[in-house]
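# Summary of structural features
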Amino acid sequence: MTPRGGAALAVAALLLVACTSLPEATPAPEPALTGYLPDAIIGQLAASVPSAPSVPLEADRAASNAYRPLEGGDRWLLATTHAELRPPFAAQHFDCAVGARMTTGPMPALTRLMTRLQIDAVKAGTIARDRAPRLRPAAVDPDRRVCLRLTEAGRASSSWPSIAAAVGTAYGDLFSSLVPERSEDSQLVGREIGLSRAICGLDWPSDVAAGQQLGHAVYGATAATPDFRADLEQARVEVAAARTTAQESPGCAAERRLFPASTR
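Calculation notes
Residues numbered from 1 in each chain as written. Predicted model: local features only at pLDDT ≥ 70, side-chain atom pairs only at ≥ 80, totals over all residues. Heavy atoms only, no water. 1 Å grid on protein atoms, 1.4 Å probe; cavity = no way out; pocket = protein on both sides within 12 Å on 5 of 7 lines; lining within 4 Å. Points joined across faces, edges and corners; volume = space filled by probe spheres on them. Helix = DSSP H or I, 4+ residues; strand = E, 2+ residues; numbered from the N terminus. Nonpolar A, V, L, I, M, F, W, Y, C, P; charged D, E, K, R; others polar. Axes fitted to C-alpha atoms, helices over the stretch in contact; angles between N-to-C directions. Parallel < 35°, antiparallel > 145°, perpendicular 65-115°, else oblique. Contact = heavy atoms within 4.5 Å. Core = buried A, V, L, I, M, F, W, Y, C linked by side-chain atoms within 4.5 Å. Buried < 20%, exposed > 50% of the residue type's maximum accessible area, 1.4 Å probe, protein only.

## Quick look at empty space enclosed by the protein
The final tally for this structure, using the stated rule, is two cavities of 30 Å³ or more. Lining of the second largest cavity is provided by Leu 78, His 82, His 93, Val 189, Glu 192, Glu 255 and Phe 259. Among the secondary structure elements, those contributing two or more residues to the lining of the second largest cavity are α4 (74–82) and α10 (183–199). Its residues placed into classes, the lining of the second largest cavity shows three nonpolar, two polar and two charged.

Below is the structure:
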């Protein structure tokens with residue numbers, strides 16, 4: 001796939017609203033906030049991740065290489081924007097899914113929700129990752145093109161499970177809860193954020209699958225806490241207000257081309 005015509009221009013519009021310098025990994029959220037979950041629960045979630053993938057490396061390598069034809073195309077450009085997972089900026093990934101612009105004004109409750117959820121997902125993923133280090137596709141193949149700037153330390157860091165996929169999946173579950181009538185669209189975006197890591201050559205497909213499973217588990221645990229439920233109700237008010245403006249993101253036309261099965 002190569003970018004051309006209106007699709008390329010529309011995807012480029014997504015890049016305009018993303019940060020021009022993208023992080024190589026999920027950055028630390030605001031230090032003033034903590035996650036929703038106690039360390040004991042975080043440890044249990046991390047322990048639920050297998051110590052190694054069940055997929056043979058040869059199969060993972062073949063699945064990873066199957067994404068290489070996308071390099072430089074529309075889906076590759078979208079994967080580049082998906083590298084931004086910091087709240088509140090990451091909320092823009094769900095603009096088209098919920099039918100509103102999520103970053104046109106302050107949404108403190110939504111930002112707090114996303115930040116605390118990110119903290120929990122990153123903590124659980126880091127524990128699981130440090131237990132079973134695994135080289136990234138870009139480290140196994142030093143010539144592998146990646147869709148963001150990557151230091152040598154970042155290239156050599158472990159990819160199992162994909163922490164970015166865990167965060168993206170948890171965000172997808174969150175927006176699914178915030179706007180239930182657009183649940184399928186939000187879940188799709190959450191999955192695609194994880195898939196973007198494989199497209200970018202940063203994580204193996206099995207890393208992404210493990211991260212997605214962890215993200216669902218983290219969200220399920222946080223959603224059961226009273227603090228989360230209180231923040232969720234406040235964020236629902238903010239998102240509902242944003243949806244009354246009916247401002248469509250300039251990138252939505254591109255997403256409809258990339259994901260024609262979407263209900264948007």
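Having seen the structure, we can now continue with the description.
## Observations concerning the packing of helix α9 (residues 163–178) against α10
Interhelical geometry of α9 versus α10 gives an angle of 170° and a closest axis separation of 8 Å. The pairing of α9 with α10 is recorded here as roughly antiparallel in orientation. Between α9 and α10, the residues in contact are Ala 164, Ala 165, Gly 168, Thr 169, Gly 172, Asp 173, Phe 175 and Ser 176 and Ser 183, Ser 186, Gln 187, Gly 190, Ile 193, Gly 194 and Arg 197, respectively. Split into classes, the residues belonging to the contact of α9 with α10 amount to four nonpolar, nine polar and two charged.

## Observations regarding the nonpolar core
Residues Met 102, Leu 110, Met 114, Tyr 171, Leu 174, Phe 175 and Leu 178 are the most contacted members of the largest nonpolar core, which totals 47 residues. Elements with a contribution of two residues or more to this core: α2 (39–47), α5 (95–98), α6 (108–131), α9, α10, α11 (205–222) and α12 (226–243). Not counting residues within four places of it along the chain, the set of residues in contact with Met 114 comprises Pro 87, Ala 90, Ala 91, Tyr 171, Leu 174 and Phe 175.

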